[in-house]
Amino acid sequence: MTTDGAAAGTSGHDDPAARMGTELSDAVVLFHDALGSLMGLSAPDHKALGILRREGPMSASALARRTGLTAGAVTGLVDRLERGGHARRERDPDDRRRLVIAAGGPVSPGLAAAVGGLTRGMAEVTAQFTPAELAVVARWVELTTATLREQVDEIARLRASEAAGSPSPDGSSTG
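Here the structure is a predicted model, which is why all the values come from computation and not from measurement.

Asker: Which residues make up the side chain of aspartate 92, and what are the values?
Answerer: Relative to the elements of secondary structure, aspartate 92 occurs in strand S1 (residues 87-92). On the accessibility criterion, aspartate 92 (8% relative accessible area) is buried. A distance of 2.8 Å separates a polar side-chain atom of aspartate 92 from the backbone nitrogen of aspartate 94. With near-sequence residues (within four places) excluded, aspartate 92 lies in contact with Arg98, Leu99 and Val100.

Here it is as C-alpha cells:
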C-alpha cells in the first residue's frame, strides 16, 4: 500500500512532519466527507458551500478561483447545491446583470450536532496549549494554508495550460 507521497516519489515514512501533515490532511478530508454525507453532498461540494457561508455571495468565476475548480465544474457544483436547497443563484446587488451564488437553506440538526462535537473537541485540544504554543500553531496553520492555496492555484494554471494544449512544465506537448 502506498501513501499520497509515494505517487510523487517519496513515501513520507521517514519524515515525521510529512507523515503528520498527511495524517492531518486525511482526517480533515474524511471529516468533511462525513459532514457532506449528512447533507447529501460530496466533500468538495460541502467545502465549497462552507466557503460561500463564510465569505458570502460570490460569482461563479470567483468561486472557481477560490476552489481551483474549472468553470464547468463550478456550474455542476452550483447545480447540485441548488437542487439540494443549499445555495441559490441571485442577482448581484452591485450589478444586476450578473449572478452571484449565495449559501442558503437551514443547517440540519445532525450537521449542527456534528459541528458542535468538533467545536467542543477542538476546545479541549486548544486548552492543552499555552498562548505562546498556540501562537506557533496558528503561524504554522496560516503558512500551511497559504502554501496549499498557492498549490491549488498552480494546479489550476497547469490544468488550464494542458487543456489549451500548451507544453507541460517538462516540455512535452499535451495536445
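Asker: Go over a nonpolar patch on the surface, please, and point to the residues and values.
Answerer: The grouping of Leu24, Val28, Leu118, Met122, Val125, Phe129, Val137, Trp140 and Val141 at the surface amounts to a nonpolar patch, some 740 Å² of accessible area in total. Listing elements by their share of the nonpolar patch, those giving two or more residues are helix H2 (16-39), helix H6 (109-126) and helix H7 (131-163). Structurally, the position occupied by leucine 24 is in helix H2.

Asker: Tell me about H7, and please be specific about residues and values.
Answerer: Here H7 spans 47 Å end to end across 33 residues, near enough to the 48 Å set by a 1.5 Å rise per residue. Immediately downstream of H7, the backbone of glycine 165 shows phi near 80°, a positive value.

Asker: Tell me about the nonpolar core, residues and numbers included.
Answerer: Among the nonpolar cores identified, the biggest contains 18 residues, and Leu52, Met58, Leu63, Leu77, Val78 and Leu81 are the most heavily contacted of them. Elements with a contribution of two residues or more to this core: H2, helix H3 (43-55), helix H4 (60-67) and helix H5 (71-83).

What counts, and where the lines are drawn
- Residues numbered from 1 in each chain as written.
- Predicted model: local features only at pLDDT ≥ 70, side-chain atom pairs only at ≥ 80, totals over all residues.
- Heavy atoms only, no water.
- Helix = DSSP H or I, 4+ residues; strand = E, 2+ residues; numbered from the N terminus.
- Buried < 20%, exposed > 50% of the residue type's maximum accessible area, 1.4 Å probe, protein only.
- Polar contact = N/O pair within 3.5 Å; in protein donor to acceptor, adjacent residues only side chain to side chain.
- Contact = heavy atoms within 4.5 Å.
- Patch = residues over 30% accessible without salt bridge, like charges linked within 9 Å, V, L, I, M, F, W, Y side chains within 5 Å.
- Areas by Shrake-Rupley, 256 points an atom, 1.4 Å probe, with all protein chains shown as cover.
- Salt bridge = Lys/Arg side-chain N within 4 Å of Asp/Glu carboxyl O.
- Expected span 1.5 Å × (residues − 1).
- Core = buried A, V, L, I, M, F, W, Y, C linked by side-chain atoms within 4.5 Å.

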